[in-house]
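# Report on the structure
Chain residues, written in single-letter form:
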Amino acid sequence: MSLLIPGPRAPGNDIDVYLQPLIDELKELWEKGVETYDASVKETFQLHASILWTINDFPAYANLSGWSTKGKLACPCCNMDTWSLRLPNGRKHAYMGSRRFLPLDHYWRNNAKAFDGNKEKRPAPKQLSGDDIVEQLQNFNQVQFGKFTRKRKRGEIQLPGNWRKKSIFFELPYWRYLKLRHNLDVMHIEKNVCDNIIGTLMNLEGKTKDNINSRFDLAYMGIRPELHATTIDEDEAKIAGPVQYRWMYPIERYLRRLKSYVGNKAHPEGSIAEAYIAQECLHFCSRLHKEKLKNENSQHVEQRHAKEFYQWFKKHITFLKNVADESINESLFDLACGPDTRVFRYTSYLINGWRFNIKDRDMHLKSQNSGILVKGDNNTGNLDYFGVLTDIVELMYSSGNNVILFKCDWWDVSSRGRGYKEDRYDFFLININRRLNTDEPYVLATQAQQVYYVKDTKDLNWLVVVNTKPRDFYDMPWEVNNEPCQENDEIGLVHELCNEPDDEQAISLDRNDLEQPTVDGSPMVHVENVDNEEESDYETLNLIEDEESDGIHDEYDSDDD
């Protein structure tokens, strides 16, 4: 989990290359340890750590253990003693030696009709220890990793059993002594079993296991499909303990959060690392301030933190800069100082392929561009947020970085049936009478998506939410001057795309064979054309000329914050 593996395909057995830094750190944690502070006793101690086991699906089991999970010897636990049968019609291997793990006096061992037509008298295969695996691989030459390594042809090198490599985990001094080294992820097993059962019961095309070839194979083996049974090995369930230590649910949820950090799809690992570091910095900085407040007075720490953090952060960073702390750069100092107290206000703004208008401007238009949608974090159970744009402001920092904020009136969609509902056509409706009472009405413009609202014909207190897609906007990384940029960054016009010719080499674009026309030089009123508005309707156009002044003003007004 401490590594990011780039590329569209899994590394396969080459995963040992990516695991090498992790193995080196684990060796240090086992042999030397790291000095750690125990807050409960206010003392330091030497912390040592080891791996209990890995959690993976069946294909990844092969990549981590080195034992291939394909072919006639696919079972890593049975090893060389794997029992398999090649099905002639389905052209797959079947592994039906599960009854060997039952007690010798279990009645299923003698129940030939319910299984493969034979009584099972064989004992369970020997559970291999780490020493047994090392002995099998003692004469095995480690493979060469890397994408430029020539792939071995089948039969070119004789490998013991299904071994494809010696796992890098055996470099750990304690790995060979573990009774359980690899766990099959319960989440993947549940999903695969559920898909197979549902696909067979519902007879889904391409998903059902009840096809003509399987019926031929069942007849060939003399067994009935309704009496299939599987057994669970209990030497692993007891060792691993409760199931929550063997599944990937929390890990997959956290991976989804990491994927949400990706802004530049050309370099996802860089986006994740940068966002993670920024989040950690904010977390520890906030924790430092809370500790100082708690030492002063332990009451109302959270409220005081929310109120005093900005001034404390500015004072703290300014102090470090004055003492010439190398960790304080100009960007951090500008951030601590905060934006200019003067802000620019807009009535319309174009971002992410959408043109957003404030509510007051939409009141005079036939189109609707003020609907706002901000995606919630499903990991924490937060729903999406819906609102109406009321103001657009631009914050300016001394470093030249500007931030666009949208101020919105939000609806309260926290309760189903009262704040929101879904009709039988899967349309999402919100109650216009339930407004969200919040003191944080602003969101970043880059977070906003555009929707529009339609009144429900049955109940005028409800609005139907309709999602929109950006016009002529495609979900792919942009490039300007061959330099990658963030997906949500605004991309301005590039004025110097090529070198201007010299005066001597300049080419005249005037036509000398025609008489030049004469035009009237009277002043003209400029008109701003807004997307999604009818150009033929003069009343829906926004004139730049100010009716209350004599001249022409800018698109935005400059007001004090």
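Our structure is the block above this text.
Residues numbered from 1 in each chain as written. Predicted model: local features only at pLDDT ≥ 70, side-chain atom pairs only at ≥ 80, totals over all residues. Heavy atoms only, no water.

### Here we look at the overall build of the chain
Along the chain, the regular secondary structure elements total 11 helices and 22 strands. When the 561 residues of the chain are sorted by exposure, 29% land in the buried category. (Helix = DSSP H or I, 4+ residues; strand = E, 2+ residues; numbered from the N terminus. Buried < 20%, exposed > 50% of the residue type's maximum accessible area, 1.4 Å probe, protein only.)

### Remarks on the packing of helix H9 (residues 301–322) against helix H10 (residues 330–337)
It is the contact of H9 with H10, at a shortest axis distance of 8 Å, that shows an interaxial angle of 145°. Considering only the axes of H9 and H10, their crossing is left-handed. Residue-level contacts link Tyr310, Phe313, Lys314, Ile317, Thr318 and Lys321 of H9 to Glu330, Leu332, Phe333, Ala336 and Cys337 of H10. (Axes fitted to C-alpha atoms, helices over the stretch in contact; angles between N-to-C directions. Left-handed = near helix turned anticlockwise from the far one by under 90°. Contact = heavy atoms within 4.5 Å.)

### Some words on the nonpolar core
Ranked by size, the top nonpolar core spans 20 residues in total, and within it Leu19, Ile23, Ile51, Ile133, Phe169, Leu172 and Trp175 carry the most contacts. Tallying contributions element by element places helix H1 (residues 15–31) first for this core, with four residues. When sequence neighbours within four positions are dropped, the list of residues in contact with Trp175 reads Ile51, Thr54, Phe169, Phe170, Arg181 and His182. Core analysis: the second largest hydrophobic core is formed by 18 residues, Phe344, Trp354, Ile358 and Ala448 among them. (Core = buried A, V, L, I, M, F, W, Y, C linked by side-chain atoms within 4.5 Å.)

### Notes on unusual backbone geometry
The backbone of Arg91 shows a phi angle near 55°, a positive value even though the residue is not glycine. Residue class for Arg91 comes out exposed when judged on its relative accessible area of 64%. The phi torsion at Ala324 lies on the positive side, around 60°, for a residue other than glycine. By relative accessible area, Ala324 is classed as exposed at 60%.

### Quick word on the pattern of salt bridges
Enumeration over the complete set of coordinates arrives at 14 salt bridges. Here Asp131 and Arg176 are joined by a salt bridge, their closest N and O atoms 2.8 Å apart. With Asp131 in helix H3 (residues 130–136) and Arg176 in the loop between H3 and strand E6 (182–184), the pair connects residues that are 45 residues apart, well separated along the chain. On the basis of relative accessible area, Arg176 is assigned to the partly exposed category, the value being 30%. A salt bridge links Lys290 to Glu302; its shortest N-O distance comes to 3.2 Å. Placement of the pair is Lys290 in helix H8 (residues 268–296) and Glu302 in helix H9, with a sequence separation of 12 residues. (Salt bridge = Lys/Arg side-chain N within 4 Å of Asp/Glu carboxyl O.)

### Overview of H8
For H8, spanning 29 residues, the distance from its first C-alpha to its last is 43 Å, which sits close to the expected 42 Å at 1.5 Å a residue. All of the buried residues along H8 are Ser271, Ile272, Cys285, Ser286, His289 and Leu293. On the buried face of H8, the contacting elements are helix H7 (249–259) and H9. (Expected span 1.5 Å × (residues − 1).)

### Here's the deal with the pairing of strand E17 (residues 462–467)
Across the six residues of E17, five count as buried, placing the element largely inside the fold. Here four bridges tie strand E14 (residues 428–431) to E17, and the two strands are oriented antiparallel to one another. For Phe428, the partnering residue across the bridge sits in E17 and is Val465. Note that strand E16 (residues 449–455) and E17 share five bridges and pair antiparallel. Within E17, the residue paired with Val451 across the bridge is Asn467. The antiparallel pairing of E16 with E17 creates a hairpin that spans six residues between the two strands. (Pairing = 2+ DSSP bridges.)

### Considerations on the packing of H8 against H9
Between H8 and H9, whose axes approach to 10 Å, the crossing angle comes to 115°. The two elements H8 and H9 meet at a crossing, and its hand is right-handed. Here Cys285, Ser286, Leu288, His289, Lys290, Lys292, Leu293, Lys294 and Glu296 of H8 come into contact with H9, specifically with Val301, Glu302, Arg304, His305, Glu308, Phe309, Trp312 and Phe313.

### With respect to the state of the cysteines
One pass over the full model with this rule turns up zero disulfides. The closest cysteine sulfur to the non-disulfide-bonded Cys285 is located on Cys281, 8.6 Å from its own sulfur. The exposure class assigned to Cys285 is buried, which follows from its relative accessible area of 17%. (Disulfide = S-S within 2.5 Å.)

### Notes on the packing of aromatic side chains
Note on aromatic pairs: each is described by the distance of the centres and the angle between the planes. The tally for this structure, following the rule as stated, stands at 15 aromatic pairs. Ring geometry for Phe169 against Trp175: centres 4.9 Å apart, planes inclined by 25°, an arrangement best described as stacked. Like Trp175, Phe169 is buried. Judged by centre distance (6.5 Å) and plane angle (75°), the rings of Tyr385 and Trp410 are edge-to-face. Here the residue Tyr385 occupies a position in strand E11 (residues 385–396), and Trp410 occupies one in strand E12 (residues 402–410), the gap between them amounting to 25 residues. These aromatic residues form a ring-pair network of at least three members: Phe309, Trp312 and Phe313. Here Lys321 stacks its cationic end above the ring of Phe333, 5.1 Å away from the centre of that ring. Directly above the ring of Trp462 sits Lys421, whose terminal nitrogen or CZ lies 4.3 Å from the centroid. (Phe/Tyr/Trp six-rings, centres within 6.5 Å; stacked < 30°, edge-to-face > 60°. Lys NZ or Arg CZ within 6 Å of the ring centre and 35° of its normal.)

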